[in-house]
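Letter by letter, the chains look like this.
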Amino acid sequence: MIKFGYVMGFRNPRELSKLGDADFYTAMFEQIEYLDQAGFDTIWTTEHHFVDDGYLSSVMPMMAAMAARTKRVKLGSFVLLGPFYHPLRLAEDAALIDVISNGRLRLGIGVGYRREEFDIFQIPRKERVGRTLEGIEILKRAWTGERFDFDGKHFNFKNARVLPKPISPKGPELLWGGMNPESIKRSAKLDLGFACNLGSGEIRKYHEALRELGKDPSAYSVVNTRQVYVADSEDQAWDEIAPGLMYQMALYGKWLDEGGIDTSGRYRPNPDALRKSAILGPPRRVIEQLGELIAQTPATEIALGMQQPGLDPKLALRSLKRFSTEVLPVLRRG
């Protein structure tokens, strides 16, 4: 049965929002606590740095806070930017969060792409893949709880030990985040799940790469995202989320262009295309559209984006509650 997650970027752009940061975060934790009670499977955070709208940069402290405020929902990063972490510190933080959450942590990891972030952190962009790959290997070794040495290009140390040992038997589940064909294949080679905001074609390529390596795709998580919003009508839903969604696509498009990443025009503030790609409207329509997506896309989990940048959190919570009571039970029944 497919699982359902919820993506939170904690973005509060001043040009769209009237809330101060303290009130905004209070509203976000109201959503987090509701998600835990409403039967969602995972709450996912995202990560970027030095963004005017307050885009979440402190992912690990946030997931620790979420762990303390929830009891059953899993907590994940979608995705954590690997090059900006020392892997031993990341291993320590992740292990602690896994312990205090009783094994509820999942880590999606990507290599990043924003030039500004690499410049300010003084990390050469050309090292992003190498640093992240070494980091993943270090995480796996660290979570055994045993002492170990590591001799790599970017990290070298001896006799390291990370405690407490995670509750999860092999440590938190790891997923690889990426978009291009090479990155999709790398996820399979690394023996990791796949975190993406792509279509069924890309997910099938990931499954093909797993099969070529003699691996069973059914043993791996594939988490996909969609913008979903429930309201009395499609027009009402679009009117409420359009400003934030247009803002978000314009910003992502700018970052990806600056990073030299070809997205074939997917990240553009095109209202017609965005409205068509979003799943929005009254419950019956949302059920039908999500049902079609589930049937056509071989994902194991769909992570919903509702809290658009600048959207009044009360409206997002209203949509979330309607989804949880009028949509989710129907989809759970299949």
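Above this note sits the structure.
Parameters at a glance
Residues numbered from 1 in each chain as written. Predicted model: local features only at pLDDT ≥ 70, side-chain atom pairs only at ≥ 80, totals over all residues. Heavy atoms only, no water. Core = buried A, V, L, I, M, F, W, Y, C linked by side-chain atoms within 4.5 Å. Buried < 20%, exposed > 50% of the residue type's maximum accessible area, 1.4 Å probe, protein only. Helix = DSSP H or I, 4+ residues; strand = E, 2+ residues; numbered from the N terminus. Contact = heavy atoms within 4.5 Å. Axes fitted to C-alpha atoms, helices over the stretch in contact; angles between N-to-C directions. Parallel < 35°, antiparallel > 145°, perpendicular 65-115°, else oblique. Left-handed = near helix turned anticlockwise from the far one by under 90°. Nonpolar A, V, L, I, M, F, W, Y, C, P; charged D, E, K, R; others polar. Phe/Tyr/Trp six-rings, centres within 6.5 Å; stacked < 30°, edge-to-face > 60°. Lys NZ or Arg CZ within 6 Å of the ring centre and 35° of its normal. Salt bridge = Lys/Arg side-chain N within 4 Å of Asp/Glu carboxyl O.

K.L.:
Would you mind going over the nonpolar core with me for this structure?
P.N.:
Across soluble globular proteins, nonpolar side chains show a tendency to be buried alongside one another. The biggest cluster of nonpolar side chains holds 70 residues, and the ones touching the most others in it are Phe40, Met60, Leu107, Leu290 and Phe323. The element contributing the most residues to this core is helix H1 (residues 21-38), with eight residues. Apart from the residues within four sequence positions on either side, Phe323 is in contact with Phe4, Phe40, Val228, Val230, Val286, Leu290, Leu304, Met306, Leu328, Pro329 and Leu331. Counting residues in each nonpolar core, the second largest holds 21 residues, with Ala237, Trp238, Tyr247 and Leu256 among its members.

K.L.:
How do you make sense of the packing of helix H6 (residues 181-189) against helix H7 (residues 200-212) when you look at a structure like this?
P.N.:
Between two packed helices, what matters for the description is the angle formed by their axes and the separation of those axes. Packing of H6 against H7 leaves a shortest axis separation of 8 Å and a crossing angle of 40°. Comparing the axis directions of H6 and H7 gives the class oblique. Where H6 crosses over H7, the two elements pack in a sense that is right-handed. In this structure, H6 contributes Ile184, Lys185, Ser187 and Ala188 to the contact, and H7 contributes Glu202, Lys205, Tyr206, Ala209 and Leu210. Here the contact of H6 with H7 is built from residues that sort into five nonpolar, one polar and three charged.

K.L.:
Would you explain the packing of aromatic side chains in this entry?
P.N.:
Here the structure, examined in full by the defined rule, presents 14 aromatic pairs. Their ring planes at 40° and their centres at 5.9 Å tell us that Phe40 and Phe323 sit as a pair that is tilted. On the criterion of sequence distance, the pair formed by Phe40 in the loop between H1 and strand E2 (42-45) and Phe323 in helix H11 (residues 313-333) is long-range, its members being 283 residues apart. Overall, Phe40 belongs to the buried group, its relative accessible area being 0%. The buried category is assigned to Phe323, whose relative accessible area is 0%. A centroid spacing of 5.1 Å and a plane angle of 50° characterise the contact between Phe50 and Phe121, whose relative ring orientation is tilted. In this pair, Phe50 is assigned in the loop between E2 and helix H2 (59-69) and Phe121 in helix H4 (residues 115-121), connecting sequence segments 71 residues apart. For Phe50, a relative accessible area of 38% corresponds to the partly exposed category. Members of the aromatic cluster, connected to one another through ring pairs, are Phe4, Tyr6, Phe40 and Phe323. Cation over ring: Arg114 sits above Trp255, and NZ or CZ is 4.2 Å from the ring centre. Above the face of the Tyr34 ring, Lys321 is positioned so that its terminal group lies 5.7 Å from the ring centre.

K.L.:
Is there a simple way to think about the pattern of salt bridges in this case?
P.N.:
When the charged atoms of two side chains with opposite charge come close together, those side chains can pair. According to the stated counting rule, one finds 20 salt bridges in the structure shown. When the shortest N-O distance is used, the salt bridge between Asp53 and Arg11 registers 3.1 Å. Residue Asp53 is located in the loop between E2 and H2, and its partner Arg11 is located in the loop between strand E1 (3-8) and H1; the two are separated by 42 residues in the primary sequence. Take Asp53 and Arg11: they sit in the same class, and that class is buried. A salt bridge links Glu33 to Arg69, with the shortest nitrogen-to-oxygen separation between them at 2.7 Å. Of the two residues, Glu33 sits in helix H1 while Arg69 sits in helix H2, which places them 36 residues apart along the sequence.

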